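Secondary and tertiary structure notes
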Amino acid sequence: MIKLKQIRKNFGDLNVLKGIDLEVSKGEVVAIIGPSGSGKSTLLRCINFLEQPCGGEVHFENELIHDKTNMNQYREHMGMVFQQFNLFPHKTVLENIMMAPVLLKKEAKENAYKTAMDLLEQVGLLDKKDVYPNKLSGGQKQRVAIARALAMHPKVMLFDEPTSALDPEMVGEVLEVMKKLTHKDVTMIVVTHEMGFAKEVADRVLFMDDGLVVEENTPEYLFSQPQHPRTIDFLSKVL
Amino acid sequence: MEFGFLLKYYKFFITGTANTLLLSLLTVVFGLLGGMILSLLKVSNFKPAEKLASAYIAFIRGTPLLVQLYIIYYGLKDIPMFAAGVVAMSVNSSAYIAEIIRAGIAAVDKGQFEATKSLGMSPIQAYRQVILPQAFKKILPALGNEFVILIKESAIVSVIGLHDLMYNVDTIRGITYKPFEPLIAAAIIYFILTATLSKGVTLIERRLQVSD
């Protein structure tokens, strides 16, 4: 479904991505782990072109994505969840979720409303539908952000450290929502520091360091029998 | 002090105030419109437009309103007096408003742009639905301040003979040989206008605070 070939990205002299290959098939859940500054988030952001890759190819459903691609249409297929939530503070929870479908898919308000209510029920926040984001806790905000991304019926969900900005006691509720998604056959790419989550729900785990994918495997193997010295070193520190 | 002249000449005050208000209102509308366009050009990634807007803003802010007014009134020979006043005031305030709006846009969190992009929204949709509403909320106090300044500075159009409040007050001073009292009346009227506006802006601010 998604195929990355030799993706490279540098910021000035800094080589953040040094040629990444990645293939993700439909329904797969891929977790990307690694130390800070290893390029995980940048890689994720290159997939929906929030960062323009400096080299390499992004393919989506067998189509090469490039400058001439209708980027907005392409991005409609990719839901993204940010570390800092990025909810629209001047809109209520319901408006946040309904905005994109009504605006971009010309969905009738009633339909968008129904979808939004369904999603709010899934993330357990029906009672907050008319509240403004600033009245929500971090965990609640992130669950709304997930619902907002899902409202576009994306084919892939990209999670950029979705729990890193949360108080520890709120991490669980967000991971719970994400776990439910994996049962629904949503294709997911998750950049995360939650090793427990990666271990439990990912079909495949990538370990990145210094702009490269150092090792990838199923979680059972990667976490119990890491091969590369850097993976071993990293895991010994975080587990 | 003696304010008996008010009874006889109050109509001068009324028409003068009406003209000042109309002039200010039109300037607010065109100044906002111009300021919005200028600020969007300035944040656009199209270099020539960016440069042009920057130059315009720098020039207008760096020259006196009085000179601008004269240039427009005497330069465009056939322009009606009132139109000259509106154009000069709008040209002037649009430059200041552009800078205010640009600062407001810059103050909106970068993540907001990213969120709109990730959902597939176009830049125009993003600005309309997400960025500008938040920017306006942030700049409302500065914008209100600019409008207050604009009402006060509108008095300058009296020099080209536009019958605004200031001009009519001068007329009354001439007729009545009272150099002082009509000015007090004018000051009070200007103050009522600006104070009402400030109050209005505060009310709008409070209403927008629901999402805080």
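So, the overall build of chain A
Counting secondary structure elements, chain A contains nine helices and ten strands. On C-alpha atoms alone, chain A measures out to a radius of gyration of 18 Å, which is about the 18 Å that the 2.2 N^0.38 rule sets for 239 residues. On the principal axes, the C-alpha backbone points of chain A span a range of 55 × 45 × 35 Å. Counting the 239 residues in chain A, one finds 57% classified as buried. Within chain A, contacts between residues at least 6 apart in sequence are counted, and of these 66% link residues at least 24 apart. Taking the average location of the 29 positive side-chain charges in chain A and that of its 33 negative ones, the two points are 5 Å from each other.

Describing the sheet that holds strand 6 (residues 78–81) of chain A
Residue and element names in this part refer to chain A. Strand order in the open sheet formed by six strands is 6-7-8-3-9-10, with mixed pairing between adjacent strands. The open sheet has two edge strands with one neighbour each: strand 6 and strand 10 (212–217). On average, each strand axis in the sheet is inclined to that of its neighbour by 20 degrees, with strand direction left out of account. Summarising the sheet, strand 6 and strand 7 (residues 156–160) pair through four bridges and their orientation is parallel. Residue pairing for strand 7: M80 is matched across the bridge by L158. This element, helix 9 (residues 229–238), spans strand 3 (29–33), strand 9 (204–209) and strand 10 of the sheet and lies at about 100 degrees to strand 9.

Here we look at the interface of chain B and chain A
Contact with chain B, which involves 20 residues of that partner, is made by 25 residues of chain A. In total, about 2,000 Å² of surface goes out of reach between chain B and chain A, with carbon and sulfur atoms giving 58% of it. When the buried surface of chain B facing chain A is broken down by residue, S118, L119 and S211 of chain B rank first, second and third, together holding 30% of it. At the junction of chain B and chain A, the tally comes to one salt bridge.

A word on the pairing of strand 3 of chain A
A regular strand carries its side chains on alternate faces of the sheet. Residues and elements named next belong to chain A. In terms of burial, strand 3 is a largely internal element, five of the five residues being buried. The alternating pattern of strand 3 places V29, A31 and I33 on one face and V30 and I32 on the opposite face, and all of these are buried. As judged from the four bridges shared by strand 3 and strand 8 (residues 187–191), these two strands associate in the parallel manner. Bridge pairing in strand 8 links V29 to M188. Inspection of the sheet shows strand 3 paired to strand 9 by four bridges, in the parallel sense.

Each value, and the rule that gives it
Counting restarts for each chain: residues are numbered from 1 in the order of the written sequence. Ligands are numbered from 1 and chains lettered from A, in the order in which they are written. For this predicted model, a pLDDT threshold of at least 70 governs which residues receive local features, and a threshold of 80 or more governs which side-chain atom pairs are given and counted, while totals over whole chains, interfaces and linings are taken from all residues. Excluding hydrogens and water, the side-chain values take into account all heavy atoms of the structure. Helix and strand definitions here come from DSSP, where helices need a minimum of 4 consecutive H or I residues and strands a minimum of 2 consecutive E residues; each element is numbered from the N-terminal end. Put simply, the radius of gyration uses C-alpha atoms, and a globule should come to 2.2 Å times the residue count raised to 0.38. For every residue, the accessible area obtained with a 1.4 Å probe (protein chains only) is divided by the maximum for its type, and the residue is called buried under 20%, exposed over 50%, and partly exposed between those limits. Whether two residues touch is decided by their heavy atoms; if any such pair falls within 4.5 Å, the residues are in contact. A positive count includes Lys and Arg, and a negative count includes Asp and Glu. His and the chain ends are not counted in either. Here the site of a charge means NZ on Lys, CZ on Arg, CG on Asp, or CD on Glu. For two strands to count as paired, DSSP must find a minimum of two bridges between them. Fitted lines through C-alpha atoms serve as axes, helices being fitted only where they are in contact, and the angles separating the N-to-C directions of these axes extend from 0 to 180 degrees. Throughout, buried area stands for the accessible area (probe radius 1.4 Å) lost by two parts on being put together, summed over both. The term salt bridge refers to a pairing of a side-chain nitrogen on Lys or Arg with a carboxyl oxygen on Asp or Glu at a separation within 4 Å.

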